[in-house]
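Observations on the three-dimensional arrangement
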Amino acid sequence: MIERTRVPGPLPGELTLRHPGPADHARLQVALAEWWDGLGGAAGALQRQLLVPRLFVQHFADTSFLVERPDRTLHAFLIGFLSQTDPATAYIHFVGVCPEGRGDGVGSALYDRFFAAARAAGRSQVRCITSSNNRNSLAYHRRMGFRLEPGDRTDDEGVPVHEDYDGPGLDRVSFVREL
Ligand SMILES: CC(C)(COP(=O)(O)OP(=O)(O)OC[C@H]1O[C@@H](n2cnc3c(N)ncnc32)[C@H](O)[C@@H]1OP(=O)(O)O)[C@@H](O)C(=O)NCCC(=O)NCCS
């Protein structure tokens with residue numbers, strides 16, 4: 001199915017968008033610990049932080065975005081990249097919107113910008129994964145036009161899950177969206 005092409009709209013309020021740099025790494029680490037509504041407890045927070053080492057803001061900055069408020073505090077971010085291995089694919093690694101900023105279209109604005117950047121680079125699909133227990137992320141990605149890829153089991157709500165996808169006990173749900 002070909003998805004409708006959404007043109008990136010303006011960000012709400014006085015929010016501004018730019019690419020991140022190494023100086024942003026420390027506050028991204030704070031956001032990764034604090035913006036996931038306690039998902040996975042302290043172990044979950046550490047796992048997320050370790051999934052975004054500094055290299056992402058050093059070597060994947062051109063396809064990553066950061067949203068700031070007028071006082072330059074962090075409001076939202078997206079970490080993404082173009083697959084080196086598959087020239088058709090772009091990949092969204094992490095997205096986060098601060099808890100008080102959700103439901104205002106910031107997450108979709110970030111995705112639309114990433115989709116536009118991926119299209120401009122000749123990519124025809126976007127992939128991402130999420131934890132099977134992150135129900136908000138599942139709902140959001142479906143709303144953003146992603147489809148769930150078949151897994152090796154379905155959970156009690158019918159969601160296809162890839163068991164041990166990222167290692168023992170690290171089950172994931174896999175999404176793809178055509179551009
Ligand atoms: C998931 C997240 C990025 C969404 O950001 P957001 O700015 O609130 O999303 P938007 O306001 O742009 O919403 C886009 C669409 O998704 C829907 N949506 C967003 N979160 C949803 C949820 N939890 N349940 C159902 N629908 C949801 C919105 O209703 C909207 O649909 P609409 O276009 O019909 O109005 C944000 O909730 C977040 O940062 N969560 C914590 C971190 C996380 O789980 N990240 C994803 C995994 S890496």
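These remarks concern the structure in this document. These numbers come from a predicted model, not from an experiment.

A few words on the overall build of the protein chain. Counting secondary structure elements, the protein chain contains 5 helices and 9 strands. Its C-alpha radius of gyration of 16 Å places the protein chain within 12% of the 16 Å reference for a compact globule of 179 residues. For the C-alpha atoms alone, the extent of the protein chain along its principal axes is close to 45 × 40 × 30 Å. Burial status across the protein chain gives 47% buried among its 179 residues. For the protein chain, the share of sequence-separated contacts (at least 6 apart) that also reach a separation of at least 24 residues comes to 65%. Each charge class in the protein chain was averaged separately, 20 positive and 22 negative side chains, and the resulting centres sit 5 Å apart.

Moving on: the site of the ligand. Taken together, the neighbourhood of the ligand is formed by 19 residues, with Val97, Gly103, Gly107, Ser108 and Arg143 sitting nearest. Gly103 places a polar main-chain atom, nitrogen or oxygen, 2.8 Å from an oxygen atom of the ligand. Residue Ser108 places a side-chain N or O atom 2.8 Å away from an oxygen atom belonging to the ligand. Assessed atom by atom at 2 Å from the grid points, the ligand resides in the largest pocket. Listing elements by their share of the shell around the ligand, those giving two or more residues are strand 4 (89-97), helix 4 (106-120) and helix 5 (135-143). For the shell around the ligand, the element with the highest residue contribution is helix 5, accounting for 5 residues. When the residues that make up the shell around the ligand are grouped by side-chain class, the tally is 8 nonpolar, 8 polar and 3 charged.

It is worth spelling out helix 1 (residues 25-34) at this point. Among the residues of helix 1, His25, Leu28, Gln29, Ala31 and Leu32 are the ones counted as buried. Taken end-on, helix 1 shows its buried residues confined to a sector of 160°, consistent with a single buried face. Exposed side chains of helix 1 directed beyond 90 degrees from the buried face belong to Ala26 and Glu34. The inward-facing, buried residues of helix 1 contact helix 2 (41-50), helix 3 (55-59), strand 3 (74-82) and strand 4.

Calculation notes
- For every chain, the first residue of the written sequence is number 1, and numbering continues from 1 along that sequence.
- In view of the model being predicted, local features appear only for residues whose pLDDT reaches at least 70, and side-chain atom pairs are presented and counted only at 80 or more, with totals across whole chains, interfaces and linings using the full set of residues.
- The side-chain figures draw on all heavy atoms in the structure; neither hydrogens nor water molecules are used.
- Secondary structure elements are taken from DSSP: a helix is a run of H or I of four residues or more, a strand is a run of E of two residues or more, and numbering for both begins at the N terminus.
- All radius of gyration figures rest on C-alpha atoms, and the globule criterion is 2.2 Å times the number of residues raised to 0.38.
- Only protein chains enter the accessibility calculation, which uses a 1.4 Å probe; a residue is then buried when its area is under 20% of its type maximum, exposed when over 50%, and partly exposed in between.
- In this description, contact between two residues means that some pair of their heavy atoms is separated by no more than 4.5 Å.
- In this tally, Lys and Arg are treated as positive and Asp and Glu as negative; His is ignored, and so are the chain termini.
- Here the site of a charge means NZ on Lys, CZ on Arg, CG on Asp, or CD on Glu.
- It suffices for a single heavy atom of a residue to lie within 4 Å of a molecule or strand for the residue to be listed as near it.
- Counting of polar contacts relies on pairs of N or O atoms within 3.5 Å, with two restrictions inside protein: one atom must be capable of donating a hydrogen and the other of accepting it, and residues adjacent in sequence are counted only when both atoms are side-chain atoms.
- Lining residues are defined by having an atom within 4 Å of a point belonging to a cavity or pocket. Those points lie on a 1 Å grid over the protein atoms alone, cavities being sets where a 1.4 Å probe fits but cannot get out and pockets being open sets with protein on both sides within 12 Å along at least five of seven lines.
- Put plainly, a molecule is in a cavity or pocket when over half of its atoms are within 2 Å of the grid points there.
- Here the term charged refers only to Asp, Glu, Lys and Arg, the term nonpolar to Ala, Val, Leu, Ile, Met, Phe, Trp, Tyr, Cys and Pro, and the term polar to all other amino acids, Gly among them.
- The directions from the helix axis to the C-beta atoms are what the arc is built from.

So, to be careful, I would describe these as geometric facts and stop short of saying anything about function.
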